[in-house]
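# Structure at a glance
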Amino acid sequence: MRGAKASFFMRYRKLDENGDHTFGMSSNNFYIDSAEAVQQAILTRLRLSLGEWFADTSDGTGWNQTILGKQSQGLYELTLRQRVLETSGVINIDTFESTLDPTTRRLTVSMSVNTIYGEVDVSGDL
């Protein structure tokens, strides 16, 4: 499926360095049909907690259910991988790494993802 054209329209509003939506630059405020749109969709989906979105409380990452606490690395990585693979525009995950710092309670992920628009690197603190 590599190189396949998208059969849907993907548009994501860009975020600034603080994670807030950007405004005032018309279409320049959006990622449109690009690997960066899928990248932002992945991070947004990973950071959304289960039950947080009022329009669909069944959507979200199960942070309290399968990631936080004394979960094995294999279990939380499986949960995160599944969430990424269910993201619109994702074909597959080439590489995936995660680091959990129990002292700061910070989980950092880094992955390379094939999308319908090309490959993109995704990394960040969750």
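Placed above this text is the structure.
Residues numbered from 1 in each chain as written. Predicted model: local features only at pLDDT ≥ 70, side-chain atom pairs only at ≥ 80, totals over all residues. Heavy atoms only, no water.

Positioned with a positive phi, Ser26 is a non-glycine residue whose angle comes to about 55°. By secondary structure assignment, the location of Ser26 is in the loop between β1 (11-13) and β2 (30-32). Look at Ser26 and you get exposed, because its relative accessible area is 60%. Positive phi, normally seen in glycine, also occurs at Asp33, with a value near 45°. Mapped onto the fold, Asp33 is located in the loop between β2 and α1 (35-47). For Asp33, a relative accessible area of 32% corresponds to the partly exposed category. (Helix = DSSP H or I, 4+ residues; strand = E, 2+ residues; numbered from the N terminus. Buried < 20%, exposed > 50% of the residue type's maximum accessible area, 1.4 Å probe, protein only.)

Bringing the environment of Glu97 into the picture now. Here Glu97 is to be found in strand β3 (residues 90-101). Note: C-alpha distance between Glu97 and Ser123 (26 residues apart in sequence) is 9.3 Å.

With that settled, consider α1. Taking 1.5 Å as the rise per residue, α1 with 13 residues should run 18 Å; its terminal C-alpha atoms sit 19 Å apart, in good agreement. Buried within α1 we find Ala35, Ala37, Val38, Gln40, Ala41, Ile42, Leu43, Arg45 and Leu46. (Expected span 1.5 Å × (residues − 1).)

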